Structures are given as C-alpha cells and as structure tokens.
Amino acid sequence: MTETPENRLKRLTMRSMRRGIKEMDIILMRYADARLAGMDAAQLDAYEALLEENDQDLYQWVSGQLPPPATLKPLIDDISQVACNP
C-alpha cells in the first residue's frame, strides 16, 4: 500500500522530533515546521535520507563544528539557516 503525502509528512515530522538528542529534536522540529509542507517528493526523499544519519554527526554538521558530506551540504546549510537562526 502506498503512503499518502499527508501520512508521509506526519511520519517525517514525528521522526524529526523524536531523535536521540534533545538539541536535534529542537533543530529538526523547527526545520520540519518551516519547510516540510513545501517540499516536493525528491526533497522529502533527501530529508528522509538525512534522518537516517547519526544525531551526533548531524549536530556537528548543523552547528558548523565539522563540514557535512558534499551530498548533504545544501540541506544541512538550509537546516542551519532555518532552525538555528529563527
């Protein structure tokens, strides 16, 4: 059975707020609230892949402590801009 767009958004929103570390809960929830509803299927695919990454790595990338992988850089930059500069 195919997942409806509404259910996918709900699932990704829940995954954004139920992370391993509280800092990433806050950052990704801000981002999800600001951006998910306006994303197309390819952008949602990229975001869903990002959610598979380790929270400690994500936090270091978003906070600028370490450079993100080149494939994730545009998305990490957008997350940093939206979620870390409300």
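Reading guide: rules and limits
Residues numbered from 1 in each chain as written. Predicted model: local features only at pLDDT ≥ 70, side-chain atom pairs only at ≥ 80, totals over all residues. Heavy atoms only, no water. Helix = DSSP H or I, 4+ residues; strand = E, 2+ residues; numbered from the N terminus. Rg over C-alpha atoms; globule rule 2.2 N^0.38 Å. Buried < 20%, exposed > 50% of the residue type's maximum accessible area, 1.4 Å probe, protein only. Areas by Shrake-Rupley, 256 points an atom, 1.4 Å probe, with all protein chains shown as cover. Core = buried A, V, L, I, M, F, W, Y, C linked by side-chain atoms within 4.5 Å. Contact = heavy atoms within 4.5 Å.

Caption draft 1: View of the overall build of the chain. When helices and strands are counted, the chain shows five helices and zero strands. Listing the helices and strands of the chain from first to last along the sequence gives α-α-α-α-α. Relative to the globule expectation of 12 Å for 86 residues, the C-alpha radius of gyration of the chain, 12 Å, shows essentially globular dimensions. Summarising its shape, the C-alpha atoms of the chain cover approximately 40 × 25 × 25 Å along the three principal directions. Sorting the 86 residues of the chain into buried and exposed places 36% on the buried side. Counting every atom, the chain has about 5,300 Å² of accessible surface; 54% of that belongs to carbon and sulfur.

Caption draft 2: Main features of the nonpolar core. Formed by 21 residues in total, the largest nonpolar core has its most connected members in Tyr 31, Tyr 47, Leu 50 and Ile 79. Setting aside residues no more than four positions away along its own chain, Ile 79 makes contact with Ile 27, Leu 28, Tyr 31, Tyr 47, Leu 50, Val 62 and Cys 84.

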